[in-house]
Amino acid sequence: MKVDISFEAKSSSNYSVFIDSDKSLIFSGKVAIVTNPKVAGLHLKSLLEKLTSDELYIITIPDGEFYKNQESLDLILENLFNHKFNRGSTLIAFGGGVIGDMTGFAASLYQRGIDFVQIPTTLLSQVDASVGGKTGINNKFGKNLIGAFRQPQAVYIETEYLKTLPSREFGAGVAEIVKMAVTFDKDFFEWLENADLRSIEDLQLAIKKSVETKAWVVAQDEKEKGLRAVLNYGHTFAHVVENLTNYKRYLHGEAVSIGICMANDLAVRLDLLSTSQSQRVKDILVRYDLPTTFEITDVEAFYDHFSLDKKADDSKIKFILAKGLGDHQMRDDIDKEIVLSTLKEYSV
Ligand code: NAD
Ligand code: GLY
């Protein structure tokens, strides 16, 4: 399977996303695979069997979001300098979204930009993070606050890698799939209701549909001036949940699942979504063991967290809401009392 992503205004950014194509990967020039010890231990051998290059290096970064930082970025760049990488060299991001974001950012910086390809190994990175060119690292001020938009040369998705993925990580990816379907594609949503993503055929189709949806969005709004923000559906609430639980209790996708349910409850209050539509979304999330609720101890404090979002560009709080199933509405005019009433449904 293959999905082509084209940016009409800038054809140099066009690239393909290959899904289970089992292609041989042939590179000229120097190549560095950036990965972490877990992914390397599980899958590097099989990657190396299908990869050919003139000169190959492996750069290993410790595993985890904590290491998506300046120090790891420096480590990648230093390796490239030490091995005299040049403009014709290529980086390969081999791992989940953490490795993908960091490698893409390193590629955007080294000698003002070299090529990179994405080989995502988590479901979340296959359906979302590896596509669309957001790259970056975290710092003490927040997540992903330093970065660049830099599209990869290609994305190679192999569902084979997902066989070793812990089931919670799988679920986290499903939440992002549900996000795309609810906000953009009714047919996809209805298909998801009857699909079993634990079967390979359905999984491949869900990945393809998600990549196509994301590609369609990013092609229209690469730099998130408008439409791309819809991909943050559920995230306004999720970021607060993650923050209040010190990023420890939930995986990001799990927090997104809770956030989707909260956003849907708000949409129901605003008559954008019916109760039964909201329940249908929840039913899919529950089927993949995703959390759909969170006990809020202080609704005012929860609300105040919305405006602490480091990326908030003005004082208005933006909500991305489902408008029926398969459409969306972006709102920054919602009365505080309506949001508080929604949050009260979750209060203990
Ligand atoms: P992750 O990269 O931390 O991977 C999750 C865990 O799974 C890690 O421990 C990893 O080593 C392990 N892992 C990876 N592949 C595996 C495999 N095949 N088998 C077993 N274990 C495996 O997390 P993630 O959920 O993939 O990505 C989250 C990151 O992605 C965040 O930093 C987030 O900001 C970023 N992100 C970026 C975008 C984007 O558009 N650029 C979109 C969404 C998320
Ligand atoms: N994951 C959100 C985006 O790529 O814009």
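Attention here is on the structure that accompanies the text.

Conventions and cut-offs
Numbering of residues begins from 1 in every chain and follows the order in which that chain's sequence is written. Each chain takes a letter, starting from A, and each ligand takes a number, starting from 1, following the order in which they are written. Only residues with pLDDT of at least 70 get local features here, since the model is predicted, and only at 80 or more are side-chain atom pairs given and counted; chain-wide, interface and lining totals rely on the full set of residues. Side-chain metrics in this entry use all non-hydrogen atoms of the structure; hydrogen atoms and water are not considered. Only DSSP runs of H or I reaching four residues or more are called helices, and only runs of E reaching two or more are called strands; each is numbered from the N terminus. For this measure, only C-alpha atoms enter the radius of gyration; the expected value for a globule follows 2.2 Å times N^0.38, where N is the number of residues. Only heavy atoms matter for contacts: two residues are in contact if any of them lie within 4.5 Å across the pair. Positive charges are assigned to Lys and Arg, negative charges to Asp and Glu, while His and the chain termini are left out of the count. Every charge is mapped to an atom, namely NZ of Lys, CZ of Arg, CG of Asp or CD of Glu. For this purpose, a residue is taken to be near a molecule or strand whenever a single non-hydrogen atom of the residue falls within 4 Å of it. Between N or O atoms, a polar contact is any pair within 3.5 Å; within protein, one atom must be a potential hydrogen donor and the other a potential acceptor, and residues adjacent in sequence are included only when both atoms are from side chains. Where accessible areas are quoted, they stem from the Shrake-Rupley method and a 1.4 Å probe; at the residue level, only the protein chains shown are allowed to cover. For the exposure calls, accessible area comes from a 1.4 Å probe over protein chains only, and a residue counts as buried if that area is under 20% of its type's maximum, exposed if over 50%, partly exposed in between. We define a salt bridge as a side-chain nitrogen of Lys or Arg found within 4 Å of a carboxyl oxygen belonging to Asp or Glu. Orientation is described by axes fitted as lines to C-alpha atoms, over the contacting stretch for helices, and by angles from 0 to 180 degrees between their N-to-C directions. Under this scheme an angle from 65 to 115 degrees is roughly perpendicular, one under 35 degrees roughly parallel, and one over 145 degrees roughly antiparallel; angles in between are oblique. Crossing handedness follows the turn of the near helix against the far one: under a right angle anticlockwise gives a left-handed crossing, and clockwise gives a right-handed one. Residue classes follow a fixed rule: Ala, Val, Leu, Ile, Met, Phe, Trp, Tyr, Cys and Pro count as nonpolar, while Asp, Glu, Lys and Arg count as charged, and any other residue, Gly among them, counts as polar. Here is the rule: rings of Phe, Tyr and Trp (six-membered ring for Trp) pair when centre to centre is within 6.5 Å. Planes less than 30 degrees apart are stacked, more than 60 are edge-to-face, and the remainder are tilted. Cation placement over rings: the criterion is NZ of Lys or CZ of Arg within 6 Å of the ring centroid and within 35° of the ring normal.

### Observations concerning the overall build of the protein
Logical step 1: A count of helical and extended segments in the protein gives 12 helices and 13 strands.
Logical step 2: For 348 residues, the compact-globule formula gives about 20 Å, and the C-alpha radius of gyration of the protein, at 20 Å, lands near that figure.
Logical step 3: Within the protein, contacts between residues separated by at least 24 positions form 75% of all contacts whose residues are at least 6 apart in sequence.
Logical step 4: For the protein, the distance from the average site of its 40 positive side-chain charges to the average site of its 49 negative ones is 4 Å.

### So, the environment of leucine 124
Logical step 1: Along the chain, leucine 124 falls in helix α4 (residues 123–129).
Logical step 2: In sequence terms leucine 124 and phenylalanine 170 are 46 residues apart; their C-alpha atoms lie 7.5 Å from each other.
Logical step 3: Contacts of leucine 124, omitting those with residues within four sequence positions, involve Ala129, Ala172, Gly173, Glu176, His252 and Gly253.

### Comments concerning the site of ligand 2
Logical step 1: In the region of ligand 2, the neighbouring residues are Asp128, Lys134, Lys214, Glu224, Arg228 and Leu231.
Logical step 2: Lysine 134 is positioned such that a nitrogen or oxygen atom in its side chain is 2.9 Å from an oxygen atom of ligand 2.
Logical step 3: Residue lysine 214 places a side-chain N or O atom 2.6 Å away from an oxygen atom belonging to ligand 2.
Logical step 4: For ligand 2, whose unbound accessible area comes to 200 Å², protein coverage reaches 86%.

### A short note on the site of ligand 1
Logical step 1: Near ligand 1 there are 25 residues, and of these Glu65, Lys68, Thr121, Thr122 and Thr164 occur at the shortest range.
Logical step 2: One of the backbone nitrogen or oxygen atoms of alanine 129 is found 3.4 Å away from a nitrogen atom of ligand 1.
Logical step 3: Take threonine 164: an N or O atom from its side chain is 2.7 Å from a nitrogen atom of ligand 1.
Logical step 4: Expressed as a share of its isolated accessible area of 860 Å², the protein-covered part of ligand 1 is 89%.
Logical step 5: Of all the secondary-structure elements, those providing two or more residues to the shell around ligand 1 are α1 (37–49), α3 (97–109) and α4.
Logical step 6: Among the elements that make up the shell around ligand 1, the one with the highest residue count is α1 (four residues).

### Considering the side chain of glutamate 242
Logical step 1: The topology assignment puts glutamate 242 in helix α8 (residues 235–244).
Logical step 2: Buried charged residue glutamate 242 carries no salt bridge. Nearest counter-charge: lysine 143, at 4.3 Å.
Logical step 3: The contact partners of glutamate 242, leaving out residues within four places of it in the chain, are Lys143, Tyr247, His252 and Ala255.

### Let's talk about the packing of α8 against helix α11 (residues 299–306)
Logical step 1: Axis separation between α8 and α11 bottoms out at 9 Å; the angle between their running directions is 115°. In terms of axis orientation, α8 runs roughly perpendicular to α11. Classified by chirality, the crossing of α11 by α8 is right-handed. Contact residues: α8 offers Thr236, Phe237, Val240, Val241, Asn243 and Leu244, while α11 offers Phe302, His305 and Phe306.
Logical step 2: Grouping the constituent residues of the contact of α8 with α11 by class yields six nonpolar, three polar and no charged.

### Structural notes on the side chain of threonine 35
Logical step 1: Take threonine 35: it is sitting in strand β4 (residues 30–35).
Logical step 2: Within the local environment of threonine 35, its side chain forms a polar contact with the backbone oxygen of phenylalanine 94, the two atoms lying 2.8 Å apart.

### What about the packing of aromatic side chains?
Logical step 1: Throughout the structure, instances matching the rule amount to 14 aromatic pairs.
Logical step 2: Relative to tyrosine 161, the ring of phenylalanine 94 has its centre 5.4 Å away and its plane inclined at 75°; by these criteria the two rings are edge-to-face. Taken as a pair, phenylalanine 94 in strand β7 (residues 90–95) and tyrosine 161 in the loop between β11 (154–157) and α5 (167–184) lie far apart in primary sequence, 67 residues in all.
Logical step 3: Relative accessible area serves as the criterion here: at 0%, phenylalanine 94 is assigned to the buried category.
Logical step 4: Given the relative accessible area of 2%, tyrosine 161 is considered buried.
Logical step 5: Each ring, one from phenylalanine 306 and one from phenylalanine 319, has its centre 5.3 Å from the other, and the planes form 85°; the classification is edge-to-face. With phenylalanine 306 in helix α11 and phenylalanine 319 in strand β12 (residues 319–322), the pair connects residues that are 13 residues apart, well separated along the chain.
Logical step 6: Among the aromatic residues, those joined into a ring-pair cluster are Phe237, Tyr250, Phe294, Phe302, Tyr303, Phe306 and Phe319.
Logical step 7: Residue placement shows lysine 23 over the ring face of phenylalanine 18; its charged tip is 4.8 Å from the ring centre.

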